[in-house]
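Take a look at the letters that make up each chain.
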Amino acid sequence: MTDKPARVRYAPSPTGYFHVGGARTALYDYLLARKTGGSFILRIEDTDQKRFNPDSVADLLDGLRFLGLDWDEGVEVGGEYGPYVQTERLEIYQKYAKQLLDAGHVYRCFCTPERLAKVNEERQKAGLNPGYDRHCRNLSPEESEARAAAGEPFTIRIKIPLTGSITLHDAIRGDITIENEIVNDAVLVKSNGIPTYHFAVVVDDHLMEITHVLRGEEWVSSFPIHLHLYDFLGWEPPVFAHLPVILNPAGKGKMSKRETRAPDGTVYPVFVHTFKELGYLPEALFNYLALVGWSYDDKTEIMTREEIIERFSLERVNSSPAAWDYDKLNHFNGMYIRNLSVPDLTDRLLPFLEKAGIHADRETMLKITPLIQERLTILSEAAAKVDFFFMDELPDFDPALLVPKKLTMADVPAILQKAHTVLAEAEFTHDGLEKALKAAAAEMGLKAGQFYQPIRVATCGRKVAPPLYGTLEVLGRETVLRRIEQAQLRLEIGD
Ligand code: GLU
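Residues numbered from 1 in each chain as written. Predicted model: local features only at pLDDT ≥ 70, side-chain atom pairs only at ≥ 80, totals over all residues. Heavy atoms only, no water.

Colleague: Any chance you could explain the side chain of His228 here in plain terms?
Modeller: Structurally, the position occupied by His228 is in helix α7 (residues 223-233). On the basis of relative accessible area, His228 is assigned to the buried category, the value being 5%. Each residue touching His228, except ones within four places of it in the same chain, is listed here: Ile158, Ile160, Pro161, Ile166 and Asn180. (Helix = DSSP H or I, 4+ residues; strand = E, 2+ residues; numbered from the N terminus. Buried < 20%, exposed > 50% of the residue type's maximum accessible area, 1.4 Å probe, protein only. Contact = heavy atoms within 4.5 Å.)

Given below as structure tokens:
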């Protein structure tokens, strides 16, 4: 759409944790900036001090960095257009508020909160939307000046034209026209002198030379205020693109703002930090997020960061909402995990093991990783799959697990004894173990699966474990024999 380098900002309000909905907006900002060789800017919109959450900025920066959405200008990075935090820019807004007041495009409103509440109540009774009745709009400049000079508190409101309409050329939705008469004279500066979002966003986007504003669909209804402000200030508006909302997995209603936990304990994450903690790979989340609302064609899904940057365009952002799909993301993550090299995956797994209290050494993990790589969906699952490799003694398990299909507890001692004899001699390599164990099963007239189950349970403490030959090889002869002996002992004690 544009070949010119775009200046695109992500402008979150620090009110909560970094949600994947916000991450999707930030990602599209980043993609447009990178695609056009432009700049990705991070600005913090913290004018609503009541909703300020002190943890949220650190969470946001960490989440952006996790996803690799490195910004060229903004908080912590600096840049020529700073400061990039709105509460550090208050003097700038004051200057433009004065300019608008002098030109008569805005007015002081001295109405008290009590009066405004009453107006709303009456409007509600009359079946109207909440809004302001423009009581102070026609105060004479002299009276307005005098009351302000006398110290009476006031807000500053925009003077929306009373007739006519205004049209937005949205890059995703096409033209949207709104009649001025239904637009409220919104507050631009609060009585404490701090601007509202509507005012600060326009001033900042202009001064920071933003070319494209990508933001959530919930802001569509605000465009008339913003476009009138651009007009009053004599500024050229940027391109606006309102992104579709993300629906919940059922496709009914917006994706939850909070994380939910199913009755079986499964967590449905919505914050970037939770995806990170669960062990979603940033490249998988990046790829998946790009497709929540955008597509390259009807079939290509797995793409590298570079391919996505190269192929991204606002034209292919869908105007209808997409539903979040945990299964698809899991599928992507599993695929990305399988495509990692063993050392890379090992290095990513080690911190997850450590966090789960498993002190795994890298050398051993390099041998275990290939045994679990095929079956991992998220990195945090690894701990429960490999813990038995790093235990001196296995915890107690139900001896009934030792009994293979179609056999009884009475058959188990002979199997364990045979396994012990064979494993005391076998060559401890994948092929050596395969050969020795298959032959032993045949000698006992058992299927391999029947013969292996007691061995697996005795050595791993569970019925479902990584592939047996590789597992025994990593455990080593000494541990394997000792665990078989312990299982034998348990059976005797149990008798
Ligand atoms: N501060 C607004 C928010 O957090 C940003 C809206 C915009 O991008 O203009 O939703």
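Colleague: I keep staring at the environment of Glu217 and nothing clicks. Help me out?
Modeller: Residue position: Glu217 is located in the loop between β9 (212-216) and α7. Separated by 44 residues in the primary sequence, Glu217 and Arg173 have C-alpha atoms spaced 10.0 Å apart. Excluding its chain neighbours within four sequence positions, the residues that come into contact with Glu217 are Arg173, His242, Leu243, Pro244 and Val245. Looking at Glu217, its side chain comes within polar contact range of the main-chain nitrogen of Val245, at 3.3 Å. (Polar contact = N/O pair within 3.5 Å; in protein donor to acceptor, adjacent residues only side chain to side chain.)

Colleague: How should I be thinking about the site of the ligand in this particular structure?
Modeller: Around the ligand lies a shell formed by Arg9, Ala11, Pro12, Ser13, Glu45, Tyr197, Val201, Arg215 and Trp219. Within the backbone of Ala11, an N or O atom sits 2.8 Å from a nitrogen atom of the ligand. The separation between an oxygen atom of the ligand and a polar side-chain atom of Tyr197 is 2.5 Å. Protein chains bury 84% of the 300 Å² of accessible surface belonging to the ligand in isolation. Partitioning the shell around the ligand into residue classes produces five nonpolar, one polar and three charged. (Near = heavy atom within 4 Å. Areas by Shrake-Rupley, 256 points an atom, 1.4 Å probe, with all protein chains shown as cover. Nonpolar A, V, L, I, M, F, W, Y, C, P; charged D, E, K, R; others polar.)

Colleague: What am I meant to see in the packing of aromatic side chains here?
Modeller: Centre distance and the angle of the planes are the two values used to describe a pair of aromatic rings. Going through the model one piece at a time under the given rule, you end up with 18 aromatic pairs. Measuring from ring centre to ring centre gives 6.1 Å for Tyr30 and Phe286, while their planes differ by 90 degrees; the resulting arrangement is edge-to-face. Of this pair, Tyr30 sits in helix α1 (residues 20-35) while Phe286 sits in helix α9 (residues 282-290), and the two are 256 residues apart along the sequence. Given a relative accessible area of 4%, Tyr30 falls into the buried group. When the ring of Tyr452 is compared with that of Tyr469, the centres are 5.8 Å apart and the planes differ by 80 degrees; the resulting orientation is edge-to-face. (Phe/Tyr/Trp six-rings, centres within 6.5 Å; stacked < 30°, edge-to-face > 60°.)

Colleague: What should I look at first to understand the nonpolar core in this one?
Modeller: The nonpolar side chains of a soluble globular protein tend to be buried, and buried together. The biggest cluster of nonpolar side chains holds 58 residues, and the ones touching the most others in it are Leu349, Leu353, Phe389, Leu423, Leu437, Phe451 and Leu472. Of all the secondary-structure elements, those providing two or more residues to this core are α11 (326-338), α12 (342-355), α13 (362-372), α14 (382-386), α15 (412-425), α16 (430-444), α17 (448-460) and α18 (468-494). Considering every element that reaches this core, the biggest residue donor is α18, with ten residues. Excluding its chain neighbours within four sequence positions, the residues that come into contact with Leu423 are Phe428, Leu433, Leu437, Ile455, Leu472, Arg477, Val480, Leu481 and Ile484. Among the nonpolar cores identified, the runner-up in size contains 55 residues, and Val8, Phe40, Val270 and Leu291 belong to it. (Core = buried A, V, L, I, M, F, W, Y, C linked by side-chain atoms within 4.5 Å.)

Colleague: Even after reading the chapter, I still don't get unusual backbone geometry, so can you show me in this structure?
Modeller: For residues that are not glycine, phi is negative in most cases, and the peptide bond is trans in most cases. Gly82 connects to Pro83 through a cis peptide bond whose omega is -5 degrees. Secondary-structure assignment places Pro83 in the loop between β3 (73-74) and α3 (90-102). One non-glycine residue, Glu76, lies in the positive phi region at around 70 degrees. Of note, Glu76 is situated in the loop between β3 and α3. Here the phi dihedral of Lys406 falls at roughly 65 degrees; this positive angle occurs in a residue that is not glycine. Structurally, Lys406 is set in the loop between α14 and α15. On the basis of relative accessible area, Lys406 is assigned to the exposed category, the value being 77%.

Colleague: It is not clear to me how the pairing of strand β6 (residues 165-170) should be interpreted in this structure. Could you clarify?
Modeller: Side chains Ile166, Leu168 and Asp170 of β6 all project onto a buried face; the interleaved residues Ser165, Thr167 and His169 project onto a face where none is buried. As consecutive antiparallel partners, β6 and strand β7 (residues 174-179) are separated by three residues. (Pairing = 2+ DSSP bridges.)

Colleague: What exactly am I supposed to notice about the sheet that holds strand β5 (residues 155-158) here?
Modeller: Strand pairing in a sheet relies on backbone hydrogen bonds, with the paired strands running either antiparallel or parallel. With respect to topology, three strands assemble into an open sheet ordered β4-β5-β8, the strand pairing being antiparallel. In this open sheet, the two strands that pair with only one neighbour each are β4 (106-109) and β8 (187-189). In this sheet, adjacent strand axes meet at a mean angle of 45 degrees when their direction is disregarded. Both β4 and β5 contribute to a ladder of four bridges, which runs antiparallel. In the sheet register, Val106 faces β5, and the bridge partner there is Ile158. Along the sheet face, α7 touches β5 and β8 and points at about 90 degrees away from the line of β5. (Axes fitted to C-alpha atoms, helices over the stretch in contact; angles between N-to-C directions.)

Colleague: Explain the packing of α15 against α16 here, please?
Modeller: When two helices pack together, their arrangement is captured by the angle between the axes and the distance separating the axes. The interhelical angle for the contact between α15 and α16, taken along N-to-C directions, is 145 degrees, at an axis separation of 10 Å. Here α15 and α16 pass one another in a crossing that is right-handed. From α15, Ala414, Ile415, Lys418, Val422 and Leu423 reach across to α16, where they touch Leu433, Ala436, Leu437, Ala440, Glu443 and Met444. Its residues placed into classes, the contact of α15 with α16 shows nine nonpolar, no polar and two charged. (Left-handed = near helix turned anticlockwise from the far one by under 90°.)

Colleague: What should I look at first to understand the packing of α12 against α13 in this one?
Modeller: Look at α12 against α13: their axes get within 9 Å of each other, and the N-to-C directions meet at 105 degrees. In terms of orientation, α12 lies roughly perpendicular with respect to α13. The segment α12 lies against α13, with Val342, Pro343, Leu345, Thr346, Asp347, Leu349, Leu350 and Leu353 engaging Arg362, Met365, Leu366, Thr369, Pro370 and Ile372. Of the residues belonging to the contact of α12 with α13, the class tally is ten nonpolar, two polar and two charged. (Parallel < 35°, antiparallel > 145°, perpendicular 65-115°, else oblique.)

Colleague: Is there a simple way to think about the side chain of Gln453 in this case?
Modeller: Within the secondary structure layout, Gln453 lies in helix α17. Reaching out from Gln453, the side chain makes a polar contact with the backbone oxygen of Val403 at a distance of 3.1 Å.

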